[in-house]
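# Report on the structure
Below are the chains, spelled out letter by letter.
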Amino acid sequence: MKARVTVTLKTGVLDPQGKAIEGALKSLGVEGIGSVRQGKVFDLEIADMDRAAAEAAIKAACEKLLANTVVENYRIDIA
Amino acid sequence: MKAAVIVFPGSNRERDIAYALELTSGQKPALVWHGDRDLPAGTDLVVLPGGFSYGDYLRCGAIAARATVMDAVRAHAARGGLVLGVCNGFQILCEAGLLPGVLMRNAQLKFIARNIHLKVERSDTPFTRRYNAGAVIEVPVAHGEGNFIADAETVAKLEGEGRVVFRYCDAAGQVTADANINGATNAIAGIVSENRRVLGMMPHPENHVDPAIGSTDGRGLFESLAEALQTA
């Protein structure tokens, strides 16, 4: 089983890196991109277990380490 | 004073901290490796030094905050033991949940390495008793992620309980937007825990302790600790 965890900054948290990328895109002449927020993607290989157990394990991974829930949200997609 | 300075892979200020502690207390601190389970018996002060623990992988301080030795540091803090985290040490304390909030990328995106001014907001902590409240000190900063952020409720609580100990200011002690080098919420440079026994700060007082460097403005912090532990 594979899973993907996407970690993004919560709404309202300033993202200076996203802003810098936004500026770079503008200077490259790429039109039509209003704003950029940067996040992280983690691809996980999951050991053989049922889906509910996998979900619980990945949620624990997110809460304990992958995301800092003070400023970040996470989304889990199990393939 | 029986101080323990924790060394993580990538820490690089542990010797500066050890020098400052020995200079002010006359006692050599123990250097404790991140994989150790226990602190030396009788440890009364734990210091998390600056640096780039684990190469700042994932988030600054995130991996170090989950290191084996941190259980012992948590237990020390829970007993009311003193903990000081400087720079990366502050980031580790936030990631470990020993202090609230998080240190984000500097608002201007630049790594800042220079002397700055700090306003000492209170003198009634074990870390600042040798300063006068309102004093302005000059100490260096060296960080790319020092922009303190917390939710509005947490910030209100920190301010309401008087837990902001250091703020970025100008040479005259004015807390201005220009003096807030990294964009931190309310220009916060250092905060203490609810029981005022755990301090996290971004600037480096340990680098201004020796007259040979040209400033001893940071010395008061280490003298405060030495005094607090002597009279305890």
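Scope of this entry: the structure provided in the associated data block.

What counts and how
Residues numbered from 1 in each chain as written. Chains lettered and ligands numbered in written order. Predicted model: local features only at pLDDT ≥ 70, side-chain atom pairs only at ≥ 80, totals over all residues. Helix = DSSP H or I, 4+ residues; strand = E, 2+ residues; numbered from the N terminus. Rg over C-alpha atoms; globule rule 2.2 N^0.38 Å. Buried ≥ 20, exposed ≤ 12 C-beta atoms within 10 Å, placed from the backbone. Contact = placed C-beta atoms within 7 Å. Core = buried A, V, L, I, M, F, W, Y, C linked by C-beta atoms within 7 Å. Nonpolar A, V, L, I, M, F, W, Y, C, P; charged D, E, K, R; others polar. Pairing = 2+ DSSP bridges. Axes fitted to C-alpha atoms, helices over the stretch in contact; angles between N-to-C directions. Expected span 1.5 Å × (residues − 1). Arc of directions from axis to C-beta.

Looking now at the overall build of chain B. For chain B, the helix and strand inventory stands at five helices and 11 strands. Computed over C-alpha atoms, the radius of gyration of chain B comes to 16 Å, within 12% of the 17 Å expected from 2.2 N^0.38 for 232 residues, which places it in the range of a compact globule. Taken along the three principal axes of its C-alpha coordinates, chain B extends 45 × 35 × 35 Å. Buried positions account for 56% of the 232 residues belonging to chain B. Restricting to contacts in chain B with at least 6 residues of sequence separation, those with at least 24 account for 76%.

On to the overall build of chain A, then. Helices and strands together make up the secondary structure of chain A, namely two helices and three strands. Along the chain direction, N to C, the helices and strands of chain A fall in the order β-α-β-α-β. Against the 2.2 N^0.38 benchmark of 12 Å for 79 residues, chain A shows a C-alpha radius of gyration of 16 Å, more extended than a compact globule. Here the C-alpha coordinates of chain A stretch approximately 50 × 25 × 15 Å along the principal axes.

With that settled, the discussion passes to the nonpolar core. Within the largest apolar cluster, 75 residues are counted, with the highest numbers of intra-cluster contacts made by Val5, Ile6, Leu93, Leu118, Ala189 and Leu225 of chain B. The residues touching Val5 of chain B, leaving out its near neighbours within four places in the chain, are Glu14, Ile17, Ala18, Pro29, Leu31, Val32, Val47 and Pro49 of chain B.

To continue, consider the interface of chain A and chain B. Listed as interface residues are nine residues of chain A and, on the opposing side, 12 residues of chain B. In terms of residue count, the dominant contributor to the side of chain A that touches chain B is helix α1 (residues 16–27) of chain A (three residues). Of the residues assigned to the side of chain A that touches chain B, the class counts are seven nonpolar, two polar and no charged.

Take the sheet that holds strand β4 (residues 82–86) of chain B next. All names here are of chain B. Taken in spatial order, the nine strands of this open sheet run β2-β1-β3-β4-β11-β10-β9-β6-β7, and their pairing is mixed. The open sheet terminates on both sides in strands that have one partner only, identified here as β2 (30–33) and β7 (136–143). In this sheet, adjacent strand axes meet at a mean angle of 25 degrees when their direction is disregarded. Those strands touched by helix α1 (residues 14–25) are β1 (3–7), β2, β3 (45–48) and β4, and its axis lies near 170 degrees from that of β1.

What follows deals with the sheet that holds strand β3 (residues 72–78) of chain A. Residue and element names in this part refer to chain A. Spatially, the three strands line up as an open sheet ordered β2-β1-β3, and their pairing is antiparallel. The outermost strands of the open sheet, each flanked by one partner alone, are β2 (40–45) and β3. Neighbouring strand axes in the sheet, compared pairwise and without regard to direction, differ in orientation by 20 degrees on average. Note: strand β1 (residues 2–9) against β3, seven bridges, orientation antiparallel. Its bridge partner lying in β3, Thr6 is registered against Arg75. Of the strands in this sheet, β1, β2 and β3 touch helix α2 (residues 51–66), which is tilted by about 155 degrees from β3.

Moving on, we come to α1 of chain B. Residue and element names in this part refer to chain B. Helix length check: α1 (12 residues) gives 16 Å between terminal C-alpha atoms against 16 Å at 1.5 Å per residue, within 8%. Those residues of α1 lying buried are Glu14, Ile17, Ala18, Ala20, Leu21, Thr24 and Ser25. Buried residues of α1, viewed axially, fall in a sector of 165 degrees; they line one side. Looking one or two residues past α1, Gly26 carries a phi angle of roughly 80 degrees, positive in sign.

Attention shifts here to unusual backbone geometry. Residue and element names in this part refer to chain B. Phi at Asp56 is positive, roughly 60 degrees, even though this residue is not glycine. Note on placement: Asp56 falls in the loop between β3 and α2 (69–78). According to the C-beta neighbour criterion, Asp56 is partly exposed, with 18 such atoms within 10 Å. Non-glycine residue Cys87 carries a positive phi angle of around 60 degrees. By the secondary structure assignment, Cys87 is in the loop between β4 and α3 (88–95). Residue Cys87 is classed as buried on the basis of its 29 C-beta neighbours within 10 Å.

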